[in-house]
Amino acid sequence: MKLQDSVITMIMTSDSKALASCKGNEPNVVPVSTVTVVDDTIWLMNYFMGTTLENILENPQVTFACWKGLEGIKVKANVVHITSGELLEKARVYVAEVAPIRTLKSLLVLTPTAVFDVTPEKERAGKLIVGDVII
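Since the structure is predicted, the reported quantities are computational estimates derived from the model, not experimental observations.

Criteria and cut-off values
Residues numbered from 1 in each chain as written. Predicted model: local features only at pLDDT ≥ 70, side-chain atom pairs only at ≥ 80, totals over all residues. Heavy atoms only, no water. Helix = DSSP H or I, 4+ residues; strand = E, 2+ residues; numbered from the N terminus. Rg over C-alpha atoms; globule rule 2.2 N^0.38 Å. Buried < 20%, exposed > 50% of the residue type's maximum accessible area, 1.4 Å probe, protein only. Contact = heavy atoms within 4.5 Å. Areas by Shrake-Rupley, 256 points an atom, 1.4 Å probe, with all protein chains shown as cover. Lys, Arg positive; Asp, Glu negative; His and termini not counted. Charge placed at Lys NZ, Arg CZ, Asp CG, Glu CD. Pairing = 2+ DSSP bridges. Axes fitted to C-alpha atoms, helices over the stretch in contact; angles between N-to-C directions.

Time to look at the overall build of the protein. When you go through the protein residue by residue, the secondary structure sums to three helices and nine strands. N-terminal to C-terminal, the α/β element order of the protein is α-β-β-β-β-α-β-β-α-β-β-β. Taking 2.2 N^0.38 as the reference for a compact globule, 135 residues should give roughly 14 Å; the C-alpha atoms of the protein span a radius of gyration of 15 Å, in line with that estimate. Seen through its C-alpha atoms, the protein measures out along the principal axes to roughly 45 × 35 × 25 Å. Out of the 135 residues belonging to the protein, those deemed buried represent 40%. The long-range fraction of contacts in the protein, counting pairs at least 24 apart against all pairs at least 6 apart in sequence, stands at 66%. As displayed, the protein offers around 7500 Å² of accessible surface, 56% of which is attributable to carbon and sulfur atoms. Of note, the protein has its 13 positive side-chain charges centred 3 Å away from the centre of its 15 negative side-chain charges.

Our focus in this paragraph is the sheet that holds strand E1 (residues 16-23). In space, the seven strands of this open sheet follow the order E2-E1-E5-E6-E7-E4-E3, with antiparallel pairing throughout. Of all strands in the sheet, those with a lone pairing partner are strand E2 (26-31) and strand E3 (35-38), marking the two edges. Across the sheet, the mean angle separating the axes of adjacent strands is 30° when strand polarity is ignored. Here eight bridges tie strand E5 (residues 61-68) to strand E6 (residues 71-82), and the two strands are oriented antiparallel to one another. Counted as the bridge partner of Thr 63 is Lys 76 from E6. Its contacts with the sheet place helix H2 (residues 51-58) against E1, E2, strand E4 (41-46), E5, E6 and strand E7 (106-117), and it is angled at close to 55° to E1.

Now the structure itself:
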């Protein structure tokens, strides 16, 4: 799915970000720090994930949320865990630029399936985002 410019801007400029995963009936949510958007996928850098990776290996469906102030989005996505290869090497170059003191262990590549507005306003909360218009 094509990510709108407003969605990419929110992901790249948000103050806070979190990733939710689930294994069986055990949901898990973790804060995430280094994130970028590449070709309509969301790249999350893994420095020390444990439970999240276990969950993803069993259930590759996740929800990524990010927000700035009271405005925010949640992204439903399928995720792939990358432990070697060209994408991981590209991620290493990115991390060296933006977080040089970090050691990248692996990369999570999220392919969005839906994006929702989570801004706490009656007209916006929970609405599916299509383009830059909220329906």
